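# Observations on the three-dimensional arrangement
Spelled out from the first residue to the last, the chains are:
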Amino acid sequence: MKALPDNWADIQPDSVYLSISGLLVSFGSEQIKLGLKYDRKGKYLKAIEKGLVPPRGNVGLVASQESGYDLKSKVLGKGGDRRFHAKFIDGILHFSGFVTEH
């Protein structure tokens, strides 16, 4: 199992990666495009690496309020105004490319 890269350009669509928190994650090609566009500093990838966190004052993954999605990325500070949403598919957290603003 490959470790989750710290750069969107190194991520292959639909490959499964292991985060340091032990979570299996994968990304669709649309999500990779969004990551390249909105996450030049890798903040969102660091949040995904960290895994599940309490919803207040933390960088990581929190519950998604969007129908059909389980978790969303949460990034604090400048550049953290978007949320990448993901759903579990066969035990793998898949980021398809659905994004919201907060």
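See above for the structure.
In this report, the structure presented in the accompanying data block is examined. What you see is a predicted model, and the numbers here were worked out from it, not measured in a lab.

## Quick look at the packing of aromatic side chains
In the structure shown here, the tally under the stated rule is 5 aromatic pairs. For the ring pair W8 and F84, a centre distance of 6.1 Å and an interplane angle of 85° mean the geometry is edge-to-face. A residue pair is termed long-range when its members are at least 10 positions apart, and W8 in the loop between β1 (2-3) and β2 (17-18) and F84 in strand β6 (residues 82-89) qualify at 76 residues. When its relative accessible area of 2% is taken as the criterion, W8 is described as buried. Exposure remark for F84: the relative accessible area of 0% places this residue in the buried category. Pairing Y69 with F98 gives two aromatic rings, centres 4.8 Å apart and planes at 15°, and the pair type is stacked. Taken together, the residues span a long stretch of sequence, with Y69 in the loop between β4 (60-63) and β5 (71-74) and F98 in strand β7 (residues 92-101) at a distance of 29 residues. The class for Y69 is buried, based on a relative accessible area of 18%. The cationic tip of R82 hangs over the ring face of Y38; the distance from NZ or CZ to the ring centre is 3.7 Å.

## Points about the nonpolar core
Formed by 20 residues in total, the largest nonpolar core has its most connected members in L4, I11, V25, F27, L93 and F95. When residues of this core are traced back to their parent elements, those giving at least two are β3 (24-27), α1 (29-38), α2 (43-50), β6 and β7. If one sorts the elements of this core by residue count, α2 sits on top with 4 residues.

## Observations concerning α1
Along α1, the residues classified as buried are Q31, I32, L34 and G35. The buried residues of α1 occupy an angular sector of 160° when projected down its axis, which confines them to one face. The exposed set on the far side of α1, more than 90 degrees from its buried face, consists of K33 and K37. Each element contacted by the buried residues of α1 is listed here: β3, β6 and β7.

## Regarding the pairing of β3
The sheet contact formed by β2 and β3 spans 2 bridges and is antiparallel. Its bridge partner being in β3, Y17 is matched across the sheet by V25. Pairing between β3 and β7: 3 bridges, direction parallel. Residue pairing in the sheet places F27 in a bridge with F95 of β7.

## Comments concerning the pattern of salt bridges
Opposite charge on two side chains permits pairing when their charged atoms draw close. Applying the stated criterion across every chain, the model contains 1 salt bridge. Between D81 and R82 there is a salt bridge, and its shortest N-O distance comes to 3.3 Å. Classification of D81 by relative accessible area gives partly exposed; the value is 32%.

Thresholds applied
- Residues numbered from 1 in each chain as written.
- Predicted model: local features only at pLDDT ≥ 70, side-chain atom pairs only at ≥ 80, totals over all residues.
- Heavy atoms only, no water.
- Phe/Tyr/Trp six-rings, centres within 6.5 Å; stacked < 30°, edge-to-face > 60°.
- Helix = DSSP H or I, 4+ residues; strand = E, 2+ residues; numbered from the N terminus.
- Buried < 20%, exposed > 50% of the residue type's maximum accessible area, 1.4 Å probe, protein only.
- Lys NZ or Arg CZ within 6 Å of the ring centre and 35° of its normal.
- Core = buried A, V, L, I, M, F, W, Y, C linked by side-chain atoms within 4.5 Å.
- Arc of directions from axis to C-beta.
- Contact = heavy atoms within 4.5 Å.
- Pairing = 2+ DSSP bridges.
- Salt bridge = Lys/Arg side-chain N within 4 Å of Asp/Glu carboxyl O.

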